[in-house]
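The lines below spell out each chain.
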Amino acid sequence: MKIAVLGYGTVGSGVAEVLETNRELIARRAGQEIEIKYVLDLRDFPGDKIQEKIVHDYQIIAEDPEIEAVVEVMGGIEPAHTFVKQALLAGRHAVTSNKALVARHGAELLEIARERKVNFLFEASVGGGIPILRALGSSLTADEIEEVSGILNGTTNYMMTKMFYEGADYDTVLKEAQANGFAEADPTADVEGQDACRKIAILASIISGKNVEFEKIYTEGITRVTKEDMAYARKMGMTVKLLAQCRRDGEKLAAFVSPFLLKSSHPLYSVNGVFNAVFVKGNMLGDAMFYGSGAGKLPTASAVVADIIAAAKNPDKDIMNFWSREELKLESREEIRRRFFVRAEGEPRNLEGKIQAEFGNCRFVTVEGLDGEFGFVTPVMSEGDFAEKAGNCPWILHMIRVEE
Ligand code: HSE
């Protein structure tokens, strides 16, 4: 099978490396040789043997009847969307690692793939090298999936881990993450939770079979998490993680991205550094965890190449055919119920009565060295209820949601 790779960045060069390193076993598993015929990139790569395959014009790929699959690893919405759509309409398979593209146009592209009886596959778009989409789509098919939640962003998990274990502050760990090449020069999509939001939208669409619009998922990043928050977490035997959640609540799904306090017994508590993990609860399966490298050149390329192999083995049928264009209505944020941890300015003895009157029976916590403030954990209440009561409390410094 001759393929074209769109983009020779980190993932694109990883795809070439995986295909080269594991050439024989890939051919055996795919039932045929997989050969990169073209690599589309604006740049040239003198001295790299990929140079002889570099083209700067997509039309060369579009017009070559030998190309059976297009591998989009350039990122961004355009021109990735146009190229992938064109390839599918022309009856070619398309594989991508691009979560922004899949979250925005996944339902449309899957519909075209269905009509053209080709594959649109995107395993690498969620959890990098962790095989989670195929597991949900092909293996966990006997279950009603009640929950898919996880740590879906490596950059922010690295930062939360450093803040928790080293007591470092946000700005220091962000600079470290950038220096180590984990965070982008512009880290907004990671630290504001947008990257995790797109990934949970894809997971929610897959488990529901309907289209979940990522713009409708409440998303809060880690920019307001401080080393003081981490000190309270440690005192309570908990940690803080950026979680992306999708839970069934009756007929509806509730989806959310936010920092959460987790107990040490929680399965995601010890997922540290740049690792990702996805927790799945099925109504028959019970609990399962998928853990591994959520980013990085070779783990991501490994998932991309696995998709190419799957497409090669299934030339006439689409194997990821379970996400329609029908919109899924998410549960409104106000109705979601949980506990909240609150940091308050002042002395507990002066505010305790007011706090119990507003929020009910709360658990109080103080941290040695943090003077003039204290924390408390509310009983379970709805997001809407909490927001209303918090509006009456000008002494609230910060709130972090608690995951049971
Ligand atoms: N920026 C992403 C992360 C890369 O940090 O997890 C993988 O999608």
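Because the structure is predicted, anything quoted here is derived from the model rather than measured.

A. Structural view of the overall build of the chain. Within the chain one finds 14 helices and 17 strands. Rg of the C-alpha trace for the chain: 23 Å, near the compact-globule value of 22 Å for 404 residues, within the 12% margin. With respect to the principal axes defined by its C-alpha atoms, the chain has extents near 75 × 45 × 30 Å. Taking all 404 residues of the chain together, the buried fraction comes to 55%.

B. Focus on the packing of aromatic side chains. Applying the stated criterion to the full structure yields 15 aromatic pairs. Aromatic pair F164 and Y269: ring centres 6.4 Å apart, planes at 80°, arrangement edge-to-face. Placement of F164 in helix α7 (residues 154–166) and of Y269 in the loop between β10 (252–263) and β11 (275–282) is noted, with a sequence separation of 105 residues between them. Ring centres of F359 and F386 lie 5.7 Å apart, and the angle between their planes is 35°; on these two criteria the pair is classed as tilted. Remark: F386 occurs in helix α14 (residues 383–390) and F359 occurs in helix α13 (residues 348–359); sequence separation between them is 27 residues. A network of ring pairs unites the aromatic residues F340, F359, F364, F374, F376 and F386 as a single cluster. Of note, R234 hangs over the ring of F164, and the distance from its end group to the ring centre comes to 5.6 Å. Above the face of the Y218 ring, R333 is positioned so that its terminal group lies 3.9 Å from the ring centre.

C. Focus on the site of the ligand. The local shell around the ligand consists of K99, N153, G154, T155, D190, D195, K199, G294 and A295. Contact distances for the ligand include 2.7 Å between an oxygen atom and a side-chain N or O atom of K99. Here a nitrogen atom of the ligand and a side-chain polar atom of D190 are 2.9 Å apart. For the ligand, the accessible surface in isolation is 260 Å², of which the surrounding protein chains cover 83%. A molecule is said to occupy a pocket when more than half its atoms come within 2 Å of that pocket's grid points, and by this definition the ligand occupies the largest pocket. Those elements that provide at least two residues to the shell around the ligand are α7 and α10 (194–208). For the shell around the ligand, the class distribution of residues is one nonpolar, four polar and four charged.

D. Representation of the pattern of salt bridges. Per the counting criterion, the structure on display carries 31 salt bridges. Taking the shortest distance from any N to any O, the salt bridge between K210 and E326 comes out at 3.4 Å. Here the residue K210 occupies a position in the loop between α10 and β8 (218–219), and E326 occupies one in the loop between α12 (297–313) and β13 (337–345), the gap between them amounting to 116 residues. The exposure class of E326 is partly exposed, given its relative accessible area of 47%. Each of E220, R333, R338, E383 and R401 takes part in salt bridges that share partners, so that together they form one network.

E. Just α10, in detail. Compared with an ideal rise of 1.5 Å per residue, which puts 15 residues at 21 Å, α10 spans 21 Å between its outermost C-alpha atoms and is within 8% of the ideal. Of all 15 residues making up α10, 13 are buried, and the element is well covered by its neighbours. Phi turns positive one or two residues past the end of α10, at G209, with a value near 80°.

F. Quick peek at the layout of surface pockets. Roughly 1,100 Å³ of volume is contained in the largest pocket. Lining the largest pocket are 41 residues, with V11, K99, E184, D195 and A295 positioned closest to its centre. The set of elements that each furnish at least two residues to the lining of the largest pocket consists of α1 (10–21), α5 (99–116), α7, α9 (188–191), α10, β11 and α12. At four residues, the largest contribution of residues to the lining of the largest pocket is made by α10.

G. Up close: the sheet that holds strand β1 (residues 2–6). Strand order in the open sheet formed by six strands is β3-β2-β1-β4-β5-β6, and the pairing between neighbours is parallel. Since the sheet does not close on itself, it has two edges, and those belong to β3 (54–55) and β6 (120–121), each with one partner. Of the strand pairs in this sheet, strand β5 (residues 93–96) and β6 are connected by two bridges, and their pairing is parallel. Bridge pairing in β6 places V95 opposite L121. Docked against the sheet, α12 engages β1, β4 (67–72), β5 and β6, running at close to 165° with respect to β5.

Each value, and the rule that gives it
- Residues numbered from 1 in each chain as written.
- Predicted model: local features only at pLDDT ≥ 70, side-chain atom pairs only at ≥ 80, totals over all residues.
- Heavy atoms only, no water.
- Helix = DSSP H or I, 4+ residues; strand = E, 2+ residues; numbered from the N terminus.
- Rg over C-alpha atoms; globule rule 2.2 N^0.38 Å.
- Buried < 20%, exposed > 50% of the residue type's maximum accessible area, 1.4 Å probe, protein only.
- Phe/Tyr/Trp six-rings, centres within 6.5 Å; stacked < 30°, edge-to-face > 60°.
- Lys NZ or Arg CZ within 6 Å of the ring centre and 35° of its normal.
- Near = heavy atom within 4 Å.
- Polar contact = N/O pair within 3.5 Å; in protein donor to acceptor, adjacent residues only side chain to side chain.
- Areas by Shrake-Rupley, 256 points an atom, 1.4 Å probe, with all protein chains shown as cover.
- 1 Å grid on protein atoms, 1.4 Å probe; cavity = no way out; pocket = protein on both sides within 12 Å on 5 of 7 lines; lining within 4 Å.
- Sits in = over half its atoms within 2 Å of the grid points.
- Nonpolar A, V, L, I, M, F, W, Y, C, P; charged D, E, K, R; others polar.
- Salt bridge = Lys/Arg side-chain N within 4 Å of Asp/Glu carboxyl O.
- Expected span 1.5 Å × (residues − 1).
- Points joined across faces, edges and corners; volume = space filled by probe spheres on them.
- Pairing = 2+ DSSP bridges.
- Contact = heavy atoms within 4.5 Å.
- Axes fitted to C-alpha atoms, helices over the stretch in contact; angles between N-to-C directions.

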